[in-house]
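Notes for the structure review
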Amino acid sequence: MAKLTAALTVLALVACVGRPCQAGYGYPNPMLSPYTPSTPSPAPPTPIAPSSPPPYSPSTPSPPPPAPSTPSSPTPYTPSTPSPPPPTPSSPPPGLTVGYYQKTCYRAEDIVREAVRDASKGIMAGLIRLFFHDCFVRGCDASVLLDTADPNSATEKFGIPNLSLRGFEVIDAAKARIEKECGNVVSCADIVAFAGRDATYFLSNKKVYFDMPAGRYDGLVSLINETLPNLPPPFATVEQLKAGFAFKGLNTDEMVTLSGAHTIGISHCSSFFDRLTSNSSDMDPSLKSTLQQQCQSNSGTDNTVVQDNKTPNKLDNKYYKNVLSHEVLFTSDAALMMATDTSEAVRANTKDTNLWEEKFKAAMVKMGAIDIKTVANGEIRRSCRVLNTN
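The text that follows walks through the structure, step by step, so that each part is easy to find.

What counts as what
Residues numbered from 1 in each chain as written. Predicted model: local features only at pLDDT ≥ 70, side-chain atom pairs only at ≥ 80, totals over all residues. Heavy atoms only, no water. Disulfide = S-S within 2.5 Å. Helix = DSSP H or I, 4+ residues; strand = E, 2+ residues; numbered from the N terminus. Buried < 20%, exposed > 50% of the residue type's maximum accessible area, 1.4 Å probe, protein only. Core = buried A, V, L, I, M, F, W, Y, C linked by side-chain atoms within 4.5 Å. Contact = heavy atoms within 4.5 Å. Polar contact = N/O pair within 3.5 Å; in protein donor to acceptor, adjacent residues only side chain to side chain. Phe/Tyr/Trp six-rings, centres within 6.5 Å; stacked < 30°, edge-to-face > 60°. Lys NZ or Arg CZ within 6 Å of the ring centre and 35° of its normal. Salt bridge = Lys/Arg side-chain N within 4 Å of Asp/Glu carboxyl O.

Here we look at the state of the cysteines
- In total, this model carries four disulfides according to the counting rule given.
- With a sulfur-sulfur separation of 2.1 Å, C105 is cross-linked through a disulfide to C182. A torsion of 70 degrees about the S-S bond marks the disulfide between C105 and C182 as right-handed. Remark: C182 occurs in helix 4 (residues 168-182) and C105 occurs in the loop between helix 1 (2-15) and helix 2 (108-117); sequence separation between them is 77 residues.
- What pairs with C269 in a disulfide is C295, and their sulfur atoms sit 2.1 Å apart. Between C269 and C295, the S-S torsion sits near -85 degrees, and that sign places the bridge as left-handed. Of the two residues, C269 sits in the loop between strand 1 (266-268) and helix 9 (273-277) while C295 sits in helix 10 (residues 285-295), which places them 26 residues apart along the sequence.
- Accessibility expressed as a relative area gives 3% for C269, which makes it buried.
- Among the residues examined, C295 registers a relative accessible area of 10% and is labelled buried.

A closer look at the nonpolar core
- Counting residues in each nonpolar core, the largest one holds 73 residues, and the members touching the most others are V116, F131, L145, I171, L258 and M367.
- Ranked by residues supplied to this core, first place goes to helix 5 (residues 188-203) with 11 residues.
- When neighbours within four sequence positions are excluded, V116 is seen to be in contact with M124, L127, V170, A195, D198, A199 and F202.
- Core analysis: the next-biggest nonpolar cluster, separate from the first, contains 10 residues, M283, L291, C295 and V305 among them.

Re the environment of S297
- Among the secondary structure elements, S297 is positioned in the loop between helix 10 and strand 2 (304-306).
- Within the structure, the side chain of S297 is placed 3.1 Å from the backbone nitrogen of G300, a separation counted as a polar contact.

Some remarks on the packing of aromatic side chains
- Taken as a whole, this structure holds nine aromatic pairs when the rule is applied.
- Judged by centre distance (5.7 Å) and plane angle (80 degrees), the rings of Y201 and Y209 are edge-to-face. The two residues Y201 and Y209 agree in class, both being buried.
- Taken together, a centroid distance of 6.1 Å and an interplanar angle of 65 degrees make the contact between Y320 and W356 edge-to-face. Here the residue Y320 occupies a position in helix 11 (residues 318-324), and W356 occupies one in helix 14 (residues 353-367), the gap between them amounting to 36 residues.
- Note on W356: relative accessible area 0%, which makes it buried.
- Following the ring pairs from residue to residue traces out a cluster consisting of Y319, Y320, W356 and F360.
- Above the ring of F168, the side-chain terminus of K157 is found at 4.4 Å from the ring centroid.

So, the pattern of salt bridges
- Under the counting rule described, the total for this entry stands at 25 salt bridges.
- Here R113 makes a salt bridge to E109, at a shortest N to O gap of 3.8 Å. With R113 and E109 both in helix 2, this residue pair falls four residues apart, about one helical turn.
- You can call R113 buried: its relative accessible area is 1%.

See the structure below:
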């Protein structure tokens, strides 16, 4: 029985494609100690006077996302009440500046936005998840992009929770164009942050736009063994989710707010298969039946399903309605209804989509300031996949 449990745990962690797992939220595995950053990084060099770029209106619509393979059935989620929204920050986090590249590479954000615009909606969802997973391990420093770093260790990219990450090619394409136009001045970490912001914009039908402060440097360290302790599994409890986010400097309401990214993307059936076979699962019976059919595979393939069966390619507050109606995939989604503060936050986000959108913008900016690197402990990579010294 112990071997079976261990096997299911590994399958669940590998399988999350669209969640923290895309929203790669950070609950540290209780059996492991989360990464604790060393002494705080000194402030980065004084940036160029910032200017807030206006929202970008792309000329060409993003191509439709590829049809997902046979989906797996999501586990029911029991929502909790939402806490009041945090105020939208009036100024960028310390060390970061809006319009950071205005004088050194004024088209940097436009180039990233164009690369994101040309991606499928499935890849856009992956870019939001990529941003989450980068920030929750060693901070927002593009360490998740590295193919190699330490000769004695594989990198974060090869950790179990990151095996299904998508969007690397979009980052590479944006970086190549920026290097050609501006030289080596824009960090990969900032490109990942811009891409997460722009994917939010396109997936919300150009409704959710916000300025993303920049000035991050790229990290020099990336270790595979730091992924499991810092990234949240799909079976996390509400207390584990709270603790994991708090460790990253994000409060409970921000955790519930960022969980709303589960309204987009796909997931492997193995991430929530236990909820399809358990009699104690609170998943909506109709959804459960549908998912059981979608997850069936005579060949042993781990099928995929959309995370939100109502508006799968639109970033909106439908996730919270799904939580209330028990139409969510993961145990960690359903767990939001297991505490008064989180269940209240779910209900508040359900009632007011504008409220949730404003909170989501603020939470994305705040998450983007986790453990940023500076010139003292980072670099501006020439290629996002390797260190400059390699």
